[in-house]
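# Examination of the molecular architecture
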Amino acid sequence: HAPASGRPSPRIRPHPQARYNVAMAHASIPLGHLAGDQDHDYFVSEANIQAAGVQYCALGHWHKCAEYFPGNPFRAWYCGSPETLQFEDGENSGYALEVILDSDRTEVVPRRVGRYEWREIAMEVVPEAGLAGIEGELDRLAGPDRIVRVALRGALPATTVLDPDALGERLVGRFAHLILETVGLRTRWEDFDPETVFPAGTVGAAFVTLAQERLSQAAEGDRVFWEEVLRRGT
């Protein structure tokens, strides 16, 4: 880069005796939503690569495997990270690129090298199936190379005691990594009898009585909060 401007050096030109010219750039591509980021990143434009007179430009910096500026005499690709690095919608990573230069043809073939598969799952619980049903569904998602985040949703009977840490420990050897999220669960309080959980006159019974009163008086937007108070407290 030219030190004063932060732009690619204008001295980059094709070698006159070379059959093929290949460039490498660690930079970003100027897209509309990145236009205001010029102070924090180096950018390489379509015109920059065109001026370099190369058949292929190997781009590094972004994690996604993708081609940019198609339809030109040159090809410009990010190979992306060789392993996916995080949960991200539409992230296409875990590849190396095989580049074939043959006469006037430049062919780019993505080759899968990443081992790990990242998956995000929203799972509706079946109340009648209980904890065994949840564990069975999670087991079907298992794999030694899978990094999985499961958001559990739905209603559980009030007498069901779900310990996500204990459940995760039972499943730990079946995944590369497992994350369980329970904020989407609610308790089915309509079939809850506090006397079967806490004897009358105990602190637990008093807690349930007070919390149920608050729940019955809560505005619609606050009911989920008080249901969660009851679920955690019991």
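Below you will find a few notes about this structure. (Residues numbered from 1 in each chain as written. Predicted model: local features only at pLDDT ≥ 70, side-chain atom pairs only at ≥ 80, totals over all residues. Heavy atoms only, no water.)

Attention shifts here to the pattern of salt bridges. Pairing between side chains of opposite charge can happen when the charged atoms of each approach one another. Across all of its chains, the model carries 14 salt bridges by this definition. Where Arg 111 meets Glu 98, a salt bridge forms, and the shortest distance between an N and an O atom there is 2.7 Å. Placement of the pair is Arg 111 in strand S6 (residues 105-112) and Glu 98 in strand S5 (residues 95-102), with a sequence separation of 13 residues. Residue Arg 111 is classed as partly exposed on the basis of its relative accessible area of 45%. Residue Glu 135 pairs with Arg 170 through a salt bridge whose shortest N-O separation is 3.2 Å. (Salt bridge = Lys/Arg side-chain N within 4 Å of Asp/Glu carboxyl O. Helix = DSSP H or I, 4+ residues; strand = E, 2+ residues; numbered from the N terminus. Buried < 20%, exposed > 50% of the residue type's maximum accessible area, 1.4 Å probe, protein only.)

Now for the sheet that holds strand S2 (residues 56-60). Strand order in the open sheet formed by 4 strands is S1-S2-S4-S3, and the pairing between neighbours is mixed. Bordering the open sheet on either side are strand S1 (22-26) and strand S3 (66-68), each of which pairs with just one other strand. In this sheet, neighbouring strand axes are inclined to one another by 25° on average, regardless of whether the strands run parallel or antiparallel. The sheet contact formed by S3 and strand S4 (residues 75-78) spans 3 bridges and is antiparallel. (Pairing = 2+ DSSP bridges. Axes fitted to C-alpha atoms, helices over the stretch in contact; angles between N-to-C directions.)

Quick look at unusual backbone geometry now. Comment: phi is negative for the bulk of residues other than glycine, and the bulk of peptide bonds are trans. The backbone of His 61 sits at a positive phi, close to 135°, despite the residue not being glycine. Examined against the element boundaries, His 61 turns out to sit in the loop between S2 and S3.

Its 15 residues place the ends of helix H4 (residues 203-217) 21 Å apart at the C-alpha level, agreeing with the 21 Å of an ideal helix rising 1.5 Å per residue. Listed in full, the buried residues belonging to H4 are Gly 204, Ala 205, Val 208, Ala 211 and Leu 215. Mapping the buried residues of H4 onto a view down its axis gives an arc of 135°, with all of them on the same face. For H4, exposure combined with an orientation more than 90 degrees from the buried face picks out Val 203, Leu 210 and Gln 217. Check the buried side of H4 and you find it contacts helix H5 (223-233). (Expected span 1.5 Å × (residues − 1). Arc of directions from axis to C-beta. Contact = heavy atoms within 4.5 Å.)

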